[in-house]
Amino acid sequence: MNSSKFFTLKEARIGNNCPECYSNDSLELTLKQKLIETKFYKAITEETASELLCHNCELQIFPVSWTDDIERVVDYHLRGLKTKTKSTKLKPIAWGLVAICVVALSAIVLFATGIISI
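The following paragraphs examine the structure supplied in this document.

Structural notes on the overall build of the protein chain
Moving on, step 1. Each helix and strand counted, the protein chain has 2 helices and 5 strands in total.
Moving on, step 2. Overall, the protein chain shows an N-to-C arrangement of helices and strands of β-β-β-β-α-β-α.
Moving on, step 3. On C-alpha atoms alone, the protein chain measures out to a radius of gyration of 24 Å, which is more than a quarter above the 13 Å that the 2.2 N^0.38 rule sets for 118 residues.
Moving on, step 4. Considered along the principal axes of its C-alpha atoms, the protein chain spans approximately 80 × 25 × 20 Å.
Moving on, step 5. Looking at the protein chain as a whole, 25% of its 118 residues qualify as buried.
Moving on, step 6. Long-range pairs, those at least 24 residues apart, make up 60% of the contacts in the protein chain with a sequence separation of at least 6.
Moving on, step 7. When the 14 positive and 13 negative side-chain charges of the protein chain are each reduced to one mean point, those points stand 13 Å apart.

Below is the structure:
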C-alpha cells in the first residue's frame, strides 16, 4: 500500500502566451507538494512540482517549451508559495508496534537483571 501522490497547494491563471497555440489568458499553473502514505505512516515531503496547462488547446506545457517570460512568472509564484512543513505522522498500527516493542524490551531487561522471575 505504499503510495505517493501530489496534493495541490496553489492554482493560478497566468497571462502569458501559450507556446503551442499562442492564446492569451488560457494558461493555468498548478503547484503541488508530495505526500507519501504507507501502512505505518503518512509523510509530507519538501518536494514540489509545477504543472502548466493550456485550456485553449488542452495540452500540458512541459518546462522544455517554456519561454523566459513563463519561467519568470513560475519563479515568482514559487517564491510566494507557502509549502506545508515536512512532517511524519504515525498511524495507530505503528504506535501499537512501538508499544509492543517497549513492553517486550522492558520485560527482557527486568528478567535479565533478576528483578522479575518466573
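Still to come is the rest of the account.
Here we look at helix α2 (residues 92-113)
Moving on, step 1. Counted at 1.5 Å a residue, the expected span for α2 with its 22 residues is 32 Å, and the 32 Å between its end C-alpha atoms agrees.
Moving on, step 2. Positive backbone phi, approximately 85°, marks Gly114, located one or two places after α2.

Points about the pattern of salt bridges
Moving on, step 1. Tallying each qualifying case throughout the model produces 4 salt bridges.
Moving on, step 2. The partner of Glu47 in a salt bridge is Lys34, with the nearest N and O atoms 3.7 Å apart. With Glu47 in strand β3 (residues 41-54) and Lys34 in strand β2 (residues 27-37), the pair connects residues that are 13 residues apart, well separated along the chain.
Moving on, step 3. Since its relative accessible area comes to 19%, Lys34 is described here as buried.
Moving on, step 4. The salt bridge partner of Arg72 is Asp69, with a shortest N-O separation of 2.9 Å. Residue Arg72 and its partner Asp69 are located together in helix α1 (residues 68-79), separated by 3 residues, close to a single helical turn.

Analysis parameters
Residues numbered from 1 in each chain as written. Predicted model: local features only at pLDDT ≥ 70, side-chain atom pairs only at ≥ 80, totals over all residues. Heavy atoms only, no water. Helix = DSSP H or I, 4+ residues; strand = E, 2+ residues; numbered from the N terminus. Rg over C-alpha atoms; globule rule 2.2 N^0.38 Å. Buried < 20%, exposed > 50% of the residue type's maximum accessible area, 1.4 Å probe, protein only. Contact = heavy atoms within 4.5 Å. Lys, Arg positive; Asp, Glu negative; His and termini not counted. Charge placed at Lys NZ, Arg CZ, Asp CG, Glu CD. Expected span 1.5 Å × (residues − 1). Salt bridge = Lys/Arg side-chain N within 4 Å of Asp/Glu carboxyl O.

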